[in-house]
Structures are given as structure tokens and as C-alpha cells.
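# Residue-level structure breakdown
Below, each chain spelled out in residue letters.
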Amino acid sequence: SNGGWSQRDHDTFLRLWTHEFGPAATSAVALSKIDADDMRQHVHDLSMRAELSIPDLTFVEIKEHANWYVRYVGRLERKREIVEQWRRLRARAQAQRNAEADAQSQRGHDEGMGVR
């Protein structure tokens with residue numbers, strides 16, 4: 001997703017973002033560790049640089065895009081967590097079904113063998 005920006009402008013923004021925050025700053029965990037005042041300063045600095053690199057967008061538009069990007073990264077992280085939780089639950093349910101099927105099969109085998 002590019003937040004409604006052209007792919008070229010968003011790619012430029014991402015390059016500047018990575019330069020400002022570092023490569024790990026595409027993670028909600030990494031972003032959450034940045035103090036609010038530091039984040040505001042980083043976004044301001046990023047917006048100033050981006051205004052020069054993306055001249056058809058205003059400082060305010062760039063700042064809004066940076067805020068959107070922080071929310072977007074957070075939503076992606078939450079989505080990953082939800083999918084991982086779903087996978088764990090699905091695996092647990094499958095293991096339980098397998099165990100029940102094995103137990104049922106063993107009971108059937110034991111009954112066929114006359115074992116009580």
C-alpha cells in the first residue's frame with residue numbers, strides 16, 4: 001500500500017524514512033520504542049527533506065503521510081499477530097483432532113482384538 005501516493009513518491013518517501021529512522025523502523029515494535037518527542041522531531045526532519053525530494057507535495061501532506069505510515073506499519077504488525085495466533089489455534093485444533101482420531105482408532109482396534 002502506498003497511502004494514496006504515486007508509487008514513485010512513496011518509494012522516495014520510504015528511502016527518506018529508512019535514512020531518517022534506520023532499516024528496522026518498518027516494524028511497529030521498533031517504532032513503538034521511539035519517544036513521542038523524538039518521533040515528532042524525526043517526522044519533522046523527514047518532512048523537510050522530503051519536501052525537497054518530492055516537490056509536488058507540501059510539508060503538511062508529507063507529515064500526514066508519515067503519520068499514516070506509522071499507523072499502517074502498526075496495522076500490518078497487528079495483522080501478522082492475528083494470522084500467527086490463528087495458525088497456532090488451527091494447529092492446536094488439528095493436533096487435538098488427530099489425537100482423538102488416534103484414540104478412536106485404538107479403541108476400535110482393541111475392541112476388534114477382544115481387549116477391554
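Attention here is on the structure that accompanies the text. (Residues numbered from 1 in each chain as written. Predicted model: local features only at pLDDT ≥ 70, side-chain atom pairs only at ≥ 80, totals over all residues. Heavy atoms only, no water.)

## Some remarks on the overall build of the protein
Counting secondary structure elements, the protein contains four helices and zero strands. Along its sequence from the N terminus, the protein presents helices and strands in the succession α-α-α-α. The C-alpha atoms of the protein give 25 Å as radius of gyration, which overshoots the globular expectation for 116 residues (13 Å, by more than 25%). Seen through its principal axes, the protein has C-alpha atoms that stretch 85 × 30 × 20 Å. Evaluated residue by residue, the protein yields a buried proportion of 25% over its 116 residues. Expressed as a percentage of contacts within the protein between residues at least 6 apart in sequence, the contacts between residues at least 24 apart total 64%. Carbon and sulfur atoms provide 52% of the accessible area of the protein, an area that totals close to 8200 Å². Here the protein carries 18 positive and 18 negative side-chain charges, and the mean point of each set is 6 Å from the other. (Helix = DSSP H or I, 4+ residues; strand = E, 2+ residues; numbered from the N terminus. Rg over C-alpha atoms; globule rule 2.2 N^0.38 Å. Buried < 20%, exposed > 50% of the residue type's maximum accessible area, 1.4 Å probe, protein only. Contact = heavy atoms within 4.5 Å. Areas by Shrake-Rupley, 256 points an atom, 1.4 Å probe, with all protein chains shown as cover. Lys, Arg positive; Asp, Glu negative; His and termini not counted. Charge placed at Lys NZ, Arg CZ, Asp CG, Glu CD.)

## Details of the side chain of S47
Mapped onto the elements, S47 comes out in helix α3 (residues 36–53). Classification of S47 by relative accessible area gives buried; the value is 0%. Dropping the residues within four chain positions of it, S47 is found in contact with F59, I62 and K63.

## Things to note about the pattern of salt bridges
Per the stated rule, a full pass over the model turns up six salt bridges. Across the pair D37 and R40 runs a salt bridge, and its minimum N-O distance is 2.3 Å. A residue pair is termed a helical-turn pair when its members lie 3 or 4 positions apart in one helix, as D37 and R40 do in helix α3 at three residues. Overall, R40 belongs to the exposed group, its relative accessible area being 52%. (Salt bridge = Lys/Arg side-chain N within 4 Å of Asp/Glu carboxyl O.)

## A word on the packing of aromatic side chains
For the structure on display, the rule yields eight aromatic pairs. Pairing F13 with W17 gives two aromatic rings, centres 5.7 Å apart and planes at 35°, and the pair type is tilted. Highlighted residues: F13 and W17, both in helix α1 (residues 7–21), separated by four residues, approximately one helical turn. Residue classification places W17 among the buried residues on the basis of a relative accessible area of 1%. With a centroid separation of 5.0 Å and an interplanar angle of 15°, the aromatic rings of W68 and Y72 are classed as stacked. Of this pair, W68 and Y72 both sit in helix α4 (residues 59–112), four residues apart, which is roughly one turn of the helix. Y72 matches W68 in its accessibility class, with the two residues each being buried. Among the aromatic residues, those joined into a cluster by ring pairs are W5, F13, W17, F21, W68, Y69 and Y72. (Phe/Tyr/Trp six-rings, centres within 6.5 Å; stacked < 30°, edge-to-face > 60°.)

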